[in-house]
Each structure stands twice: as C-alpha cells, then as structure tokens.
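Residue-level structural notes
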Amino acid sequence: MGVTTVTEMTDGVLHTLFRTEQGGHEQVVLCQDRASGLKAVIAIHSTALGPALGGTRFHAYASDEEAVLDALNLARGMSYKNALAGLDLGGGKAVIIGDPDALKSEELLLAYGRFVESLGGRYVTACDVGTYVADMDVVSRATRWATGRSPENGGAGDSSVLTAYGVFQGMRASAQHLWGDPTLRGRKVGVAGVGKVGHYLVEHLLEDGAEVVITDVREESLRRVLDKHPQVTAVADTAALIRTEDLDIYAPCALGGALNDETVPALTARVVCGAANNQLAHQGVEKDLADRGILYAPDYVVNAGGVIQVADELHGFDFDRCKKKATKIFDTTLEIFTRAKADGIPPAAAADRIAEQRMAEARAARTA
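Now for a quick tour of the structure. (Residues numbered from 1 in each chain as written. Predicted model: local features only at pLDDT ≥ 70, side-chain atom pairs only at ≥ 80, totals over all residues. Heavy atoms only, no water.)

With that settled, consider the nonpolar core. By size, the foremost hydrophobic cluster in this structure holds 30 residues, and its most contacted members are Met171, Val191, Leu201, Val202, Leu205, Val212 and Ile214. Residue assignment for this core shows that the elements contributing at least two residues are helix H6 (160-179), strand S7 (188-192), helix H7 (198-207), strand S8 (211-215), helix H8 (219-228) and strand S10 (249-252). If sequence neighbours within four positions are ignored, Leu201 has contacts with Ala164, Val167, Phe168, Met171, Val191, Ala251 and Cys253. Counting 23 residues, the second-largest nonpolar core is a separate cluster that includes Cys31, Tyr112, Tyr123 and Met136. (Core = buried A, V, L, I, M, F, W, Y, C linked by side-chain atoms within 4.5 Å. Buried < 20%, exposed > 50% of the residue type's maximum accessible area, 1.4 Å probe, protein only. Helix = DSSP H or I, 4+ residues; strand = E, 2+ residues; numbered from the N terminus. Contact = heavy atoms within 4.5 Å.)

Set out below in structure tokens:
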C-alpha cells in the first residue's frame, strides 16, 4: 500500500509517535494480564471519520518492538482503508504478542476483551491473522465492541468471504484498466497464501475461467485447494511463484512486505492485486512497480470487503447489503487508476490522496 510505514525505532516508541511523519496516531495502549499471559498493543490511528475499526492480529513476533511497529503500521492502514471503503469509521489495529497455538486461551481472550471495553468504543475489534470467529465470540463476552462474531452470537461470521470477493473485484478492475475487459478468463493468476482469504479467492478465479497457480507455507492449506481443484498448480514457494512464466496477476494473500527490493525486480506479472495488508515493504516500492510497468492495485482498497462486512454488524448485519458495498470496490479501484494516470503518480499515491482528502474534510467539518 502507499501509506508510509514505520520501519525503525532507533529513538524509541515515543519519538516515533510524537516526532515523525509516520507517527500521527491518536492513542497507543499497551495491555498486559500476567495471569493469562496476555501482552497486547492497541493502536488507534484516527477517529476523524468515527470509531477506529480494525482487527486483532495474534502473532509470535521476533520482539516486542516489532509488535508495536506492526500495530502502528496496520492501524494507519485501516484509517485509509475505511476512508476509501466509504465507511464512517476511523482506523485502529491490535496485536496480541505470542504463538496463538501455544498461548491462546479463553482467559486470555476475555482479558483482551476487557482492555477493548475500557476504551469506551473508541476502538472496535474484529478478526485478523491468528484470530477467528470463535475467538471474537469469546472476546465479545467481555466487550460490546467486538465484531466478526458468529451468526449464532449476532455477528456476520467469517469476514474472509467478502475480503476475497473484494480482491476479486479489484482484479476485475485491473483487467479492465490494463486489457480493456473486466474478466480473468484465460489469465494466469498466482496466489501466495491460500489460507483464510486465499482459498476463497481461488474459487472466484476458477469460476471466472482463470488459470491458477498457488503456494503456501502450510501443507494443509495447499491440500485443501488441490484436493478440491486438481487443475490448480502448486509451486514450492513465493520465490518460485513470482517468477512463474507468463504470469498475468500476482496476488499476495499472506503477511505484509511482499513487495520489496528483492521481489519487485523478479516479478513476471503485469498486475499485483492481493489481500495481504501493507504489501509495500517501504516507501518508494510503488514507484519501482510503476517504473517496471506493473499495475499495483493498492491493498487497502481491494481488501476492504472484510471490514465492510464486520462494520455492518454495528447496524444489524445484512449480507446482501454488504456484498453490494463490496462490489463497489471495482469502481473505486478504477477511479484510483484514472486519478493516478491524470496526476502522473502511482496508484498507491492516488489512493492515499483520496483517503487523506476525505479524512481532512471530516476533521474540518468537526471543528467548523
């Protein structure tokens, strides 16, 4: 995505937050519950458009500092994502530090929910990497500000469904812009990560007539797709996927940073459009893509289907209403490509400008 990310903490968290361009966050909360082993970070980037909505990532970070950086970057991205999705919501994100397979428990999730509740609705949480609908059901027992719950508990269920659908709409828009036809029929698409979102995306692609190549670090995720769709091809890793001959579209659908100084020069695809957050490893990568003639569909635009889905829970969930909103990702993506061409800038920069304009207008209206 084009949003500038925080890449180092040489002078500490406070310096990053208060004295750098990247640190425009309103609030960062460090949460600890020794009894359950909970260590978490809740980052609220902006409430200009409304309460900050963003998921909870449960991940074994290499360091606490890395966890804080991830929360800051992800929260900032949610502000832009929610703005471009047309939601009256700001941006926030939370990370729980640790291996979810070893640490996750009911006690920990309830403790986390109590921290969310203590913010009084400034932050609304949902699922992300390492957390699932069943987890949000537990969290919601401690806070009213948990979305992504099961239908049995008044929620929308798995938000991956519309996340994948939105990415598919972004791909259709990319095809329309580049090849003049909004279909993936006959196109070769590489999907890196076929877990929560990626396997749904594969379904859309196959239904539209695309040739699909996949990779994933988890064997069980690969097997789920390959057993159901033997026509899909698997390659050893992402390095092999991005070098696939005649690849038309590359879809990063795992963790962030997929587009960097090593991967961009090796890409064979003409389009990058995927579900992963924070795909651009650092500022300048979006220009590197443009210089190579690779069309980049900004991640926080095309992967907004999930946040559209969970946001709808705040008003009483209606799937058809959400899908209609997610379908508009096609139009938004095309608008960004048109703006980028007109302004002579990469699509990521064009998306940033549109999102920043909406947030600035909301802040001005609030203070008028």
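The rest of the description comes next.
So, on to the environment of Lys341. Checked against the element boundaries, Lys341 lands in helix H14 (residues 329-343). With relative accessibility at 71%, the residue Lys341 sits in the exposed group. Each C-alpha atom of the pair Lys341 and Gln231 lies 37 Å from the other, and the pair is 110 residues apart in sequence.

Quick look at the state of the cysteines now. For the structure on display, the rule yields 0 disulfides. Free cysteine Cys253: the closest other cysteine sulfur is in Cys273, separated by 8.5 Å. For Cys322, which is in no disulfide, the shortest distance to another cysteine sulfur is to Cys127 and amounts to 14 Å. (Disulfide = S-S within 2.5 Å.)

Counted residue by residue, strand S2 (residues 38-46) has 8 buried out of 9 residues, so it is predominantly covered. The sheet contact formed by strand S1 (residues 27-33) and S2 spans 7 bridges and is antiparallel. Within S2, the residue paired with Val28 across the bridge is Ala43. Linking two consecutive strands that pair antiparallel, namely S1 and S2, is a turn of 4 residues; a positive phi of about 85 degrees is found at Gly37 within it. (Pairing = 2+ DSSP bridges.)

On to the environment of Met171. For Met171, the location among the structural elements is in helix H6. In this structure the C-alpha to C-alpha distance between Met171 and Pro182, which are 11 residues apart in sequence, comes to 8.1 Å. Setting aside residues up to four positions removed in sequence, Met171 forms contacts with Leu184, Val189, Leu201, Leu205, Ile249, Ala251 and Cys273.

Attention shifts here to the packing of aromatic side chains. According to the stated counting rule, one finds 2 aromatic pairs in the structure shown. Judged by centre distance (5.7 Å) and plane angle (80 degrees), the ring pair of Tyr80 and Tyr300 falls under edge-to-face. Here the residue Tyr80 occupies a position in helix H2 (residues 64-84), and Tyr300 occupies one in helix H11 (residues 299-302), the gap between them amounting to 220 residues. Of the residues examined, Tyr80 reaches a relative accessible area of 4% and is grouped as buried. Take Tyr300: its relative accessible area is 1%, and that puts it in the buried class. Judged by centre distance (6.4 Å) and plane angle (70 degrees), the ring pair of Phe317 and Phe319 falls under edge-to-face. A residue is classified by how much of its surface remains accessible, and Phe317, at 28% relative accessible area, is partly exposed. Across from the ring centre of Trp179, 3.9 Å away, lies the NZ or CZ of Arg187, which sits over that ring. (Phe/Tyr/Trp six-rings, centres within 6.5 Å; stacked < 30°, edge-to-face > 60°. Lys NZ or Arg CZ within 6 Å of the ring centre and 35° of its normal.)

By secondary structure assignment, the location of Thr332 is in helix H14. The contacts of Thr332, once residues within four sequence positions are left out, are Leu84 and Val301.

All right, on to the sheet that holds strand S12 (residues 295-296) then. On the basis of which strands lie adjacent, the open sheet formed by 6 strands has the order S9-S8-S7-S10-S11-S12 and parallel pairing. Single-partner strands in this sheet number two, and they are strand S9 (233-234) and S12. As defined by bridge partners, S7 adjoins S10 across 4 bridges and the pair is classed as parallel. Bridging from a neighbouring strand, Val191 pairs with Ala251 of S10. Seen against the sheet, H7 touches S7, S8 and S10 and runs at an angle of roughly 170 degrees to S7. (Axes fitted to C-alpha atoms, helices over the stretch in contact; angles between N-to-C directions.)

Time to look at the pairing of S7. Most of S7 sits out of view: 5 of its 5 residues are buried. Burial along S7 is two-sided: the face carrying Lys188, Gly190 and Ala192 and the face carrying Val189 and Val191 are both buried. In this region the chain leaves S7, passes through H7 and returns to the parallel neighbour S8; the handedness of that crossover is right-handed. (Right-handed = clockwise from strand over helix to strand, strands pointing away.)

Here the focus is the pattern of salt bridges. Applying the stated criterion across every chain, the model contains 20 salt bridges. The salt bridge involving Lys104 is made with Asp135; its shortest N-O contact spans 2.7 Å. Placement of Lys104 in the loop between helix H3 (100-103) and helix H4 (106-118) and of Asp135 in helix H5 (residues 133-139) is noted, with a sequence separation of 31 residues between them. Judged by relative accessible area, Lys104 falls into the partly exposed class, the value being 25%. In this structure, Glu211 engages Lys188 in a salt bridge whose closest nitrogen and oxygen atoms are separated by 4.0 Å. Of the two residues, Glu211 sits in strand S8 while Lys188 sits in strand S7, which places them 23 residues apart along the sequence. Since its relative accessible area comes to 16%, Lys188 is described here as buried. Here the residues in one salt-bridge network are Arg57, Asp70, Lys93 and Asp128, joined through shared partners. (Salt bridge = Lys/Arg side-chain N within 4 Å of Asp/Glu carboxyl O.)

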